[in-house]
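Analysis of the macromolecular model
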Amino acid sequence: MSRSAPVVPARPTVRLPSSARPLPAARISRAVACGLLALALALTACGGVHGTPGGSGVRDPYFPKAGNDGYDVTHYGLDLAYDPDDRHLGGTAEITARAEKDLSAFDLDLRGMDVEKVSVEGRAARWSRNGQELVVRPHDDLEEGETFRVTVRYSGTPQTITDPDGSQEGWLPTDTGALALGEPTGSMVWFPGNHHPSDKASYDISVTVPEGLEAVSNGELAQRTTRGGRTTFRWRTAEPMAGYVATLAIGDYDIARSTVTTTEEDLPVHTAVAPDQAGPARKVLARIPEIMEWAEYNFGPYPFSSTGAIVAGEGDAEYALETQNRPLFPGAPGTELLVHELVHQWFGNSVTPKSWRDMWLNEGFATYAEWLWEEDNDGDSAQETFEALYEHGEDEHEDLWDFPPAKPSSAARISDSPVYERGAMVLHKIRQKVGDDTFYDIVQGWAATHRHGNADTADFTSYVEKKAPDEDFTTVWKDWLYGDGRPGHP
């Protein structure tokens, strides 16, 4: 980034024969007791109700309700249809997951939308709503390690929500369609799931829209068909993806396809540009092959199966976002912003933070990549950028020293300057200490070691110390990563 449950059928009435007489109270008590004992024995024999409900939220320090406990999603299959005229979205989500403990119930994040039907393993499931939580009670308990499939049919008008920092995310209607932006929690307005960066999955996203419109999402376009005035686009993302970098751009777009040669293969490049941005965007998007070659040289092999960009129309969005495979921009970007969001594919999308506290591992790396690009393209060196920021950074970023990169002061500030610029300064301090050869070994090794995984700040500091065992990083961590205020003169 740049910066309700179904009605339970009534029990049938049991009609006693006219000759039947009431049992004495004592006999009733014995009958009930025997019945309960028989039920208990039957449940024990067949496994019984042994699971516990999965928890809502994963106790993220800034977004405690995000994500859900008790299972790990491995795949999302989304079948969506959108009508821009009435802003109505209909969808079926088929979610494949693995139970991480015995479960009698589990939660899915879903804000707004009307739920019509829920099933687990093909059998109707009970469900209820609790704020942003869709609580699902399957017909049978799920055992630890069991892979299961939950299907949710839903519809409605997806919400636009306001972040703690005041920016808008979720579902953003446009003149000709809509944009879906998810960082940090907006994805839960357009599909149910486990919406925390610690749970990544593969995706198949099918989107049906009126003929003449485009629907662009993550991954590769597997199929496009038109029938009866409607066009269906089928997108596939094989590599793991966090929900917050899933995207959907529906509307009038100029589509271009090409390839770029990387160290491992010829990589498809898919760009979608709003017509009013076609001229300004053409020149900068033509630099994608050059940027990709430079990024692979510095950070290692590209971690995904395609690349590209989405350039939205003027006023359609407020900020750029590193949506996986093809970052989204609010208008034609400058070269440095394009570098920033493409490098996020390594740092943020492939190596994804375990929690939102670790945001600097995304933004510090992407910001430092801007410094390195300038250094390698006859601009200021990273050292000059560092010194200027240290001496005069508050002129442009008045909040630069408000809090340390690894400890944002609140959810509203995870995208503030200390996370970006000061995060980049931490990386430069590491580079100063170990020298260029070891520094690039660290950067490339970090991206390779945690490729398609999750990591936190403790993982990073431990990795750096392991790669440079003869260096003492105490001051770097204490003053630059975790320290309050501006550190002493470097």
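Conventions and cut-offs
- Residues numbered from 1 in each chain as written.
- Predicted model: local features only at pLDDT ≥ 70, side-chain atom pairs only at ≥ 80, totals over all residues.
- Heavy atoms only, no water.
- Pairing = 2+ DSSP bridges.
- Helix = DSSP H or I, 4+ residues; strand = E, 2+ residues; numbered from the N terminus.
- Buried < 20%, exposed > 50% of the residue type's maximum accessible area, 1.4 Å probe, protein only.
- Salt bridge = Lys/Arg side-chain N within 4 Å of Asp/Glu carboxyl O.
- Axes fitted to C-alpha atoms, helices over the stretch in contact; angles between N-to-C directions.
- Parallel < 35°, antiparallel > 145°, perpendicular 65-115°, else oblique.
- Left-handed = near helix turned anticlockwise from the far one by under 90°.
- Contact = heavy atoms within 4.5 Å.
- Nonpolar A, V, L, I, M, F, W, Y, C, P; charged D, E, K, R; others polar.
- Phe/Tyr/Trp six-rings, centres within 6.5 Å; stacked < 30°, edge-to-face > 60°.
- Expected span 1.5 Å × (residues − 1).
- Core = buried A, V, L, I, M, F, W, Y, C linked by side-chain atoms within 4.5 Å.
- 1 Å grid on protein atoms, 1.4 Å probe; cavity = no way out; pocket = protein on both sides within 12 Å on 5 of 7 lines; lining within 4 Å.
- Points joined across faces, edges and corners; volume = space filled by probe spheres on them.

A closer look at the sheet that holds strand β2 (residues 71-83)
Here we have eight strands laid out as an open sheet, ordered β6-β5-β9-β3-β2-β13-β16-β15, and mixed in their pairing. Each of the sheet's edge strands pairs with one partner strand only, and the pair in question is β6 (123-124) and β15 (220-227). Strand direction decides the pairing type here: β2 and strand β3 (residues 88-99), joined by 12 bridges, are antiparallel. Paired with H75 across the strands is T96, a residue of β3.

Some words on the pairing of strand β17 (residues 248-251)
Side chains of β17 alternate between two faces, with L248 and I250 and A249 and G251 buried alike. Relative to β17, strand β14 (residues 214-217) is paired through four bridges, and the arrangement is antiparallel. The residue bridging E214 from the neighbouring strand is G251, located in β17.

Some thoughts on the pattern of salt bridges
This structure, assessed with the given rule, holds 16 salt bridges. For R287, the salt bridge goes to E290, with nearest N and O atoms at 3.0 Å. When its relative accessible area of 35% is taken as the criterion, E290 is described as partly exposed. A single network of salt bridges, built from pairs that share partners, joins D399, D402, R413 and D416.

What to know about the packing of helix α8 (residues 436-449) against helix α9 (residues 457-467)
At a minimum axis separation of 10 Å, α8 and α9 run at an interaxial angle of 135 degrees. When the interaxial angle is binned, α8 and α9 end up oblique. The crossing of α8 and α9 is right-handed. Contact residues: α8 offers T438, D441, I442, G445, W446 and T449, while α9 offers D459, F460, Y463, V464 and K467. Of the residues belonging to the contact of α8 with α9, the class tally is five nonpolar, three polar and three charged.

So, the sheet that holds strand β4 (residues 103-109)
The mixed open sheet is built from four strands, whose spatial order is β1-β4-β8-β7. Bordering the open sheet on either side are β1 (52-53) and β7 (126-130), each of which pairs with just one other strand. Here four bridges tie β4 to strand β8 (residues 133-137), and the two strands are oriented antiparallel to one another. Bridge pairing in β8 places F106 opposite V136.

Some remarks on the packing of aromatic side chains
Under the definition given, this model contains 30 aromatic pairs. Ring centres of Y244 and W356 lie 4.8 Å apart, and the angle between their planes is 65 degrees; on these two criteria the pair is classed as edge-to-face. Residue Y244 is found in the loop between β16 (230-242) and β17, and its partner W356 is found in the loop between β22 (352-353) and α5 (360-376); the two are separated by 112 residues along the sequence. A relative accessible area of 4% places Y244 in the buried class. For W356, a relative accessible area of 0% corresponds to the buried category.

Some thoughts on the side chain of T367
With respect to the helices and strands, T367 occurs in helix α5. Assessed through its relative accessible area of 4%, T367 is described here as buried. The contacts of T367, once residues within four sequence positions are left out, are H340, Y420, E421 and A424.

Points about α5
Because an α-helix completes one turn every 3.6 residues, residues spaced three or four positions apart along the sequence face the same direction. Given a rise of 1.5 Å per residue, 17 residues ought to cover 24 Å, and the 23 Å separating the end C-alpha atoms of α5 matches this to within 8%. In the segment just after α5, D378 is the residue with positive phi, at about 65 degrees.

Looking at the pairing of β15
As judged from the seven bridges shared by β15 and β16, these two strands associate in the antiparallel manner. Paired with T225 across the strands is T232, a residue of β16. From the end of β15 to the start of β16, which pair antiparallel, there are two residues, and G228 there has a positive phi angle of about 60 degrees.

A look at the packing of helix α3 (residues 288-299) against α8
The geometry of α3 relative to α8 is characterised by a closest axis approach of 8 Å and an angle of 100 degrees between their N-to-C directions. Put simply, α3 runs roughly perpendicular to α8. Across from Y297, N298 and F299 in α3, the residues of α8 making contact are Y440, V443, Q444 and A447. Of the residues belonging to the contact of α3 with α8, the class tally is five nonpolar, two polar and no charged.

Concerning the environment of H196
Inspection of the secondary structure assignment puts H196 in the loop between β12 (178-181) and β13 (200-210). Not counting residues up to four positions away in its chain, the partners in contact with H196 are V58, D60, A66, G67, K354, S355 and W356.

Observations regarding the nonpolar core
Residues F106, W171, W190, F299 and I430 are the most contacted members of the largest nonpolar core, which totals 139 residues. Once you skip the residues sitting within four places of it in the chain, W171 turns out to touch Y82, L89, P158, Q159, T160, A178, L179, A180, V189, W190, L248 and I250.

Concerning the layout of surface pockets
There is about 340 Å³ of room inside the second largest pocket. Lining the second largest pocket are 22 residues, and of these T174, D175, G313, E314 and D316 lie nearest its centre. No other element matches strand β11 (residues 168-173), which puts three residues into the lining of the second largest pocket. Per-class residue counts for the lining of the second largest pocket are nine nonpolar, seven polar and six charged.

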